[in-house]
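What follows is each chain in one-letter form.
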Amino acid sequence: MQFDWMVGCYAGAGVHRDTPLLEHVDRETVMAGVDAAVDAGLDGLWAPDHFLLGPNHEEFEVWTLLSAIAERTHGTDMDIGPLVGSITYRNPALLAKMATTVDHLSDGRVRLGLGCGWHREEHEAYGYDFPPVNQRIDMLDEGIQVVKAMFTEAEPDFSGDHYEIEDAFNEPKPIQDPHPPIVVGGAGPRMLRLAARHADEWNVEISGRARGKPIEFKARKFDEYLEEAGRDPDEVERSWLAHCIVREDPDELDRLCEEIFPLPWGEEEDVDDQLTTPEEAREKGDFLIGTPAEVAEQIEPIRELGFGKLQLIFPDFPSTSGIELFGDEVAPRVD
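Definitions and cut-offs
Residues numbered from 1 in each chain as written. Predicted model: local features only at pLDDT ≥ 70, side-chain atom pairs only at ≥ 80, totals over all residues. Heavy atoms only, no water. Axes fitted to C-alpha atoms, helices over the stretch in contact; angles between N-to-C directions. Helix = DSSP H or I, 4+ residues; strand = E, 2+ residues; numbered from the N terminus. Parallel < 35°, antiparallel > 145°, perpendicular 65-115°, else oblique. Left-handed = near helix turned anticlockwise from the far one by under 90°. Contact = heavy atoms within 4.5 Å. Nonpolar A, V, L, I, M, F, W, Y, C, P; charged D, E, K, R; others polar. Buried < 20%, exposed > 50% of the residue type's maximum accessible area, 1.4 Å probe, protein only. Lys, Arg positive; Asp, Glu negative; His and termini not counted. Salt bridge = Lys/Arg side-chain N within 4 Å of Asp/Glu carboxyl O. Pairing = 2+ DSSP bridges. Right-handed = clockwise from strand over helix to strand, strands pointing away. Expected span 1.5 Å × (residues − 1).

Caption draft 1: Molecular detail of the packing of helix H1 (residues 27-39) against helix H2 (residues 62-72). Two elements in contact, H1 and H2, have axes separated by 11 Å at closest approach and are oriented at 50 degrees. Relative to H2, the element H1 is oriented oblique. In this structure, the crossing between H1 and H2 has a hand that is right-handed. Across from Arg27, Val30, Met31, Val34 and Asp35 in H1, the residues of H2 making contact are Leu65, Ala68, Ile69 and Arg72. Here the contact of H1 with H2 is composed, by residue class, of 6 nonpolar, no polar and 3 charged.

Shown next, in the form of structure tokens:
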């Protein structure tokens, strides 16, 4: 099973409740986490594509950060990418050029995560249009087609309802053949069908698991949609975004949880609840919380559902103890 780190690059609990103990974002802190993930033997590094997640209003932009991470991890085989990029924030032809550049900077390690976007506050603050969700899904469908054309065609052309390119040259082409893997994040019916048509990897994040049908149902439907699209379900990877709080000593774990909780909780832009205890976090948010043996046991049901990757958020960051302990004691138990 593959284990990746969701890089802590914004400060405070915020909408995604990822970094409640991180007060400020700076190069040294973020890169220390990257180094710890490399040393712990993790397999990938991802970053969120947001501008206003944290209450402290401090956050690094994803693609410039990924460029720095590509250089920092030079000589490794760690995957890097956005989890996931919003189709509303960048013209897809430009996005393809950016991803191609980082693919070269990383010697062919980029995975292009894409979704339809959700954070209304960011769109309004930065002057981006925020169309209805079905229109955003249509934009994502076309945007992926544009990106793939840019990656693979000598003279990329596309004409759709939302995007149009003509001879939008993208040279040199990406290192990866035929192109960097496309990771689609989402779990609603239309997003599952879109992922079944286009994705090399399907990612399911916390709010996507919490809404609607149980995740077991969504995983079965994804297999059905893949078969309808004429694709082998075994050829599409599945990844699961999870928070992880791990310590060897139960007393230390309890103290850490007291420091971390309560955390904001809700679905997408409607964050109006709280996770007040580890028990609530496990039940509502699928948090992995416990000793290394307990966390390894909590991962097993995820793997049994067919998810071969975990992108991990460590809420104890900027401490790297959770990252280090996971690499040393949890990953070997699962593998």
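Caption draft 2: The side chain of glutamate 122, seen in detail. When you line up the elements, glutamate 122 lands in helix H4 (residues 120-126). An unpaired buried charge is present at glutamate 122: no salt bridge exists, and arginine 90, the closest side chain of opposite charge, is 9.0 Å distant. The residues touching glutamate 122, leaving out its near neighbours within four places in the chain, are His50, Phe51, Leu52, Leu53 and Tyr89.

Caption draft 3: Inspection of unusual backbone geometry at higher detail. The residue after aspartate 177, namely proline 178, is reached through a cis peptide bond having omega 5 degrees. Structurally, proline 178 can be placed in the loop between strand E7 (164-166) and strand E8 (182-185). With omega at 5 degrees, the peptide bond leading from phenylalanine 261 into proline 262 counts as cis. Counting through the fold element by element, proline 262 comes out in the loop between helix H9 (250-260) and strand E11 (263-267). At histidine 57, a position not held by glycine, the phi torsion is positive, near 60 degrees. With respect to the helices, strands and loops of the structure, histidine 57 is situated in the loop between strand E2 (44-47) and H2. Under the relative-accessibility criterion, histidine 57 is labelled exposed at 59%.

Caption draft 4: Representation of the pairing of strand E9 (residues 201-204). Residue alternation in E9 divides its side chains into two sets, Glu201 and Asn203 and Trp202 and Val204, and both sets are buried. The pairing of E8 with E9 spans 3 bridges and is classified as parallel. Looking at the pairing, glycine 185 lines up with asparagine 203 of E9. Chirality of the crossover, the property in question, places the unit of E8, helix H6 (residues 189-198) and E9 among those that are right-handed. Of the pairings in the sheet, the one linking E9 to strand E10 (residues 237-246) comprises 4 bridges and is parallel in character. Considered in E10, the bridge of valine 204 is made with tryptophan 240.

Caption draft 5: Here's a closer look at H1. When the terminal C-alpha atoms of H1 are compared, their 18 Å separation across 13 residues agrees well with the 18 Å that a helix rising 1.5 Å per residue should span. Taken together, the buried positions of H1 are Thr29, Val30, Met31, Gly33, Val34, Ala36 and Ala37. Two residues or fewer past H1, glycine 41 is found with a positive phi of approximately 80 degrees.

Caption draft 6: Quick peek at the pairing of E2. Along E2, one buried face is formed by Gly44 and Trp46 and the opposite face, lined by Leu45 and Ala47, is buried too. Of the pairings in the sheet, the one linking strand E1 (residues 2-6) to E2 comprises 3 bridges and is parallel in character. Bridge assignment links methionine 6 to a residue of E2, and that residue is tryptophan 46. Considered for its hand, the β-α-β crossover made up of E2, H2 and strand E3 (residues 79-82) is right-handed.

Any link to function would need more than the numbers given here.
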